[in-house]
Amino acid sequence: MTGAERRQQLLDIGRTLFAAKGFEGTSVEEIAAKAGVSKPVVYEHFGGKEGLYAVVVDREMRQLLDMVTGALTAGHPRELLEQAAFALLDYIETYTDGFRILVRDSPVAQSTGTFASLISDIATQVEDILGMEFKARGFDPKLAPLYAQALVGMVALTGQWWLDARKPKKAEVAAHLVNLAWHGLDGLEQKPRLIGHRKS
């Protein structure tokens, strides 16, 4: 096996083990044993478990971010919501192990940050789209970041639930997410008010 092939093998094994057992539950010994190599080979390629984990997480975060930002191509805001929802659900369906790793609390600082910062990156993309839409409808575009975080957070948390539930089907989940988001946005009040006793 070439060095590059061995490195990829270790990444694949690490990804599977981290998804199944988490960072703490996975050992260098287990990674090495599954690869049929000695522990020093893992250290040689990644400097240890932390290095391997950081590379796995970095690749998964890039994959998810690329899928979501690459999907945002439509002109109509509702279709953009559909595309964003489908992109996240596609990632969960195709890269289940990767998503399991991303949603766990990470003990290692990665170059691309945590799942929360990834969601924030995606929300920034959505924020630009919402800002234009808010301005066109006479709403304060300064509120677009708040709404972007809310929308992306809703999709991400639903995605975490769907990861294990897998029912209803992906298209139905996307339709319900967009239904809630779109009709919520469609009936948006320019100056929302609280109706309960608490006002601050």
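Everything quoted here is computed from the prediction, not taken from an experiment.

Colleague: I'd like a rundown of the nonpolar core, residues and numbers included.
Modeller: Core analysis: the biggest nonpolar cluster contains 57 residues, and Ile31, Leu64, Leu102, Phe115 and Leu130 have the highest contact counts within it. It is helix α8 (residues 144–165) that provides the largest number of residues to this core, a total of 9 residues. Non-local contacts of Ile31, meaning those with residues more than four positions away in its chain, are made with Leu10, Ile13, Leu17, Phe18, Thr26, Val42 and Leu52.

Colleague: I'd like a description of the packing of aromatic side chains, backed by residues and values.
Modeller: This structure, assessed with the given rule, holds 7 aromatic pairs. Seen in terms of ring centroids, Tyr91 and Tyr95 are 5.3 Å apart; in terms of plane orientation they differ by 25°. Their pairing is stacked. Considering the side-chain rings of Phe134 and Phe139, the 5.7 Å spacing of their centres and the 45° angle between planes classify their relative orientation as tilted. The exposure class of Phe134 is buried, given its relative accessible area of 4%. With a relative accessible area of 15%, Phe139 lands in the buried category.

Colleague: How would you explain unusual backbone geometry if you had to name every residue and give the values?
Modeller: In this chain, Lys167 is followed by Pro168 through a cis amide linkage whose omega measures -5°. One can find Pro168 in the loop between α8 and α9 (170–186). Even without being glycine, Arg166 reaches a positive phi, approximately 55°.

Colleague: If you had to explain the environment of Glu133 to someone new, which residues and values would you point to?
Modeller: Turning to its location among the elements, Glu133 is positioned in helix α7 (residues 115–136). Spatially, the C-alpha atom of Glu133 lies 51 Å from that of Glu30, the residues being 103 residues apart in sequence. Separated by 2.7 Å, the side chains of Glu133 and Arg137 make a polar contact.

Colleague: So what's going on with the packing of helix α1 (residues 3–25) against helix α6 (residues 96–103)? Which residues, and what values?
Modeller: Between α1 and α6, whose axes approach to 8 Å, the crossing angle comes to 55°. With respect to each other, α1 and α6 are oriented oblique. Relative to α6, the crossing made by α1 is left-handed. Contacts between α1 and α6 pair Arg15, Thr16, Phe18 and Ala19 from the former with Asp97, Gly98, Arg100 and Ile101 from the latter. When grouped by side-chain class, the residues that make up the contact of α1 with α6 number 3 nonpolar, 2 polar and 3 charged.

Colleague: Pulling in residues and values, what's your account of the UniProt feature "domain: HTH tetR-type" (unreviewed entry) in the protein?
Modeller: Residues given the UniProt feature "domain: HTH tetR-type" (unreviewed entry) here are residues 4–64. With 89% helix and 0% strand, residues 4–64 has its two end C-alpha atoms placed 23 Å apart.

Colleague: How would you sum up the UniProt feature "DNA-binding region" (unreviewed entry) in the protein? Please name residues and give values.
Modeller: In the numbering used here, UniProt assigns the "DNA-binding region" (unreviewed entry) feature to residues 27–46. Helix and strand shares over residues 27–46 are 80% and 0% respectively, and the end C-alpha atoms of the span are 13 Å apart.

Colleague: Tell me about the pattern of salt bridges, and name the residues and values.
Modeller: Counted under the stated rule, the structure contains 8 salt bridges. For Glu60, the salt bridge goes to Arg15, with nearest N and O atoms at 2.6 Å. Here the residue Glu60 occupies a position in helix α4 (residues 49–71), and Arg15 occupies one in helix α1, the gap between them amounting to 45 residues. The class for Glu60 is buried, based on a relative accessible area of 7%.

Thresholds applied
- Residues numbered from 1 in each chain as written.
- Predicted model: local features only at pLDDT ≥ 70, side-chain atom pairs only at ≥ 80, totals over all residues.
- Heavy atoms only, no water.
- Core = buried A, V, L, I, M, F, W, Y, C linked by side-chain atoms within 4.5 Å.
- Buried < 20%, exposed > 50% of the residue type's maximum accessible area, 1.4 Å probe, protein only.
- Helix = DSSP H or I, 4+ residues; strand = E, 2+ residues; numbered from the N terminus.
- Contact = heavy atoms within 4.5 Å.
- Phe/Tyr/Trp six-rings, centres within 6.5 Å; stacked < 30°, edge-to-face > 60°.
- Polar contact = N/O pair within 3.5 Å; in protein donor to acceptor, adjacent residues only side chain to side chain.
- Axes fitted to C-alpha atoms, helices over the stretch in contact; angles between N-to-C directions.
- Parallel < 35°, antiparallel > 145°, perpendicular 65-115°, else oblique.
- Left-handed = near helix turned anticlockwise from the far one by under 90°.
- Nonpolar A, V, L, I, M, F, W, Y, C, P; charged D, E, K, R; others polar.
- UniProt positions renumbered as here; feature names shortened; annotations may be inferred.
- Salt bridge = Lys/Arg side-chain N within 4 Å of Asp/Glu carboxyl O.

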